[in-house]
Amino acid sequence: MDVFSNPADRHKGWYLSLMAPNIKGPAFAWLDPSRLYCNSQALADCVQDLLSPFHDDTIDLVAGIDAMGFILGASVATTLGKGFLAVRKAGHLCVATQTQAYSDYTGREKTMEVRLDVLRPGTRVLLVDQWIETGGTMKAAIRLVENLGATVVGVAAVAIENTEGGKWIKENYKFSHCIPEEMQSQIDNKYLESFNDFNN
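Residues numbered from 1 in each chain as written. Predicted model: local features only at pLDDT ≥ 70, side-chain atom pairs only at ≥ 80, totals over all residues. Heavy atoms only, no water.

(A) Molecular detail of helix α1 (residues 40–51). If you check α1, its first and last C-alpha atoms are 17 Å apart, about what twelve residues at 1.5 Å a residue would give, namely 16 Å. All of the buried residues along α1 are Ala-42, Leu-43, Asp-45, Cys-46, Val-47, Asp-49, Leu-50 and Leu-51. Packed against the buried residues of α1 are α2 (68–80), β7 (124–132), β8 (151–160) and β9 (175–177). (Helix = DSSP H or I, 4+ residues; strand = E, 2+ residues; numbered from the N terminus. Expected span 1.5 Å × (residues − 1). Buried < 20%, exposed > 50% of the residue type's maximum accessible area, 1.4 Å probe, protein only. Contact = heavy atoms within 4.5 Å.)

(B) Quick look at the pairing of strand β4 (residues 83–89). Here five bridges tie strand β3 (residues 61–65) to β4, and the two strands are oriented parallel to one another. Note that in β4 the partner of Gly-64 across the bridge is Ala-86. The parallel pair β3 and β4 is bridged by α2, and the resulting crossover is right-handed. Where β4 meets strand β6 (residues 109–115), two bridges bridge the pair, whose relative direction is antiparallel. Note on β6: the bridge partner recorded for Arg-88 is Glu-113. (Pairing = 2+ DSSP bridges. Right-handed = clockwise from strand over helix to strand, strands pointing away.)

(C) Just the packing of aromatic side chains, in detail. Within the structure shown, the criterion is met by six aromatic pairs. Feature note: the residues Trp-30, Trp-131, Tyr-191 and Phe-195 constitute an aromatic cluster, connected by ring pairs. Over the face of the ring belonging to Trp-168 we find Lys-139, whose NZ or CZ atom lies 4.7 Å from the ring centre. (Phe/Tyr/Trp six-rings, centres within 6.5 Å; stacked < 30°, edge-to-face > 60°. Lys NZ or Arg CZ within 6 Å of the ring centre and 35° of its normal.)

(D) Representation of the packing of α1 against α2 within the structure. Two elements in contact, α1 and α2, have axes whose closest approach is 10 Å; the angle formed by their N-to-C orientations is 75°. The angle between the axes of α1 and α2 places the two elements in the roughly perpendicular class. Of α2, the residues touching α1 (which contributes Leu-43, Cys-46, Val-47, Gln-48, Leu-50 and Leu-51) are Leu-72, Ser-75, Val-76, Thr-79 and Leu-80. (Axes fitted to C-alpha atoms, helices over the stretch in contact; angles between N-to-C directions. Parallel < 35°, antiparallel > 145°, perpendicular 65-115°, else oblique.)

Set out below in structure tokens:
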């Protein structure tokens, strides 16, 4: 699908066919969702789909996870008219921070951090990331927010895979993602049918 094309029928998830397959091998993620952000209508529809379950929820702040969660999280925050908090990889903030160790989707041990001068008891936070594969990164972000006394209203991502960690998030937190039920198996098998017609 041409990156700037918009179909007449913009059903939930229409923009998923804009995502690009991995052509560089196993050292990279199996796809690149960020191509859909290049289409302004696709990005706007993606954000609306993510926010749909939260229309009746009070959200004070949106937090996005370093790095691709910044793009989607900032878009969500702007749409809501709320502020945006960056959950950073450790070592990038020059202010007092709280840290949390975690294992990412590759199994590598990492640490994330968040500044101490924003979150407080009663702050209601929507956590946003681009993709949830094993759930390790999102679980660490949840811990950071909750350890500072704030409340996680929900979790939003383009996709949540049905891994053990993905299922844990779905069972324990209100969530939203952009994947229609009939496409979930493609996500879990790490191959989209749209890749068959993909042209770089």
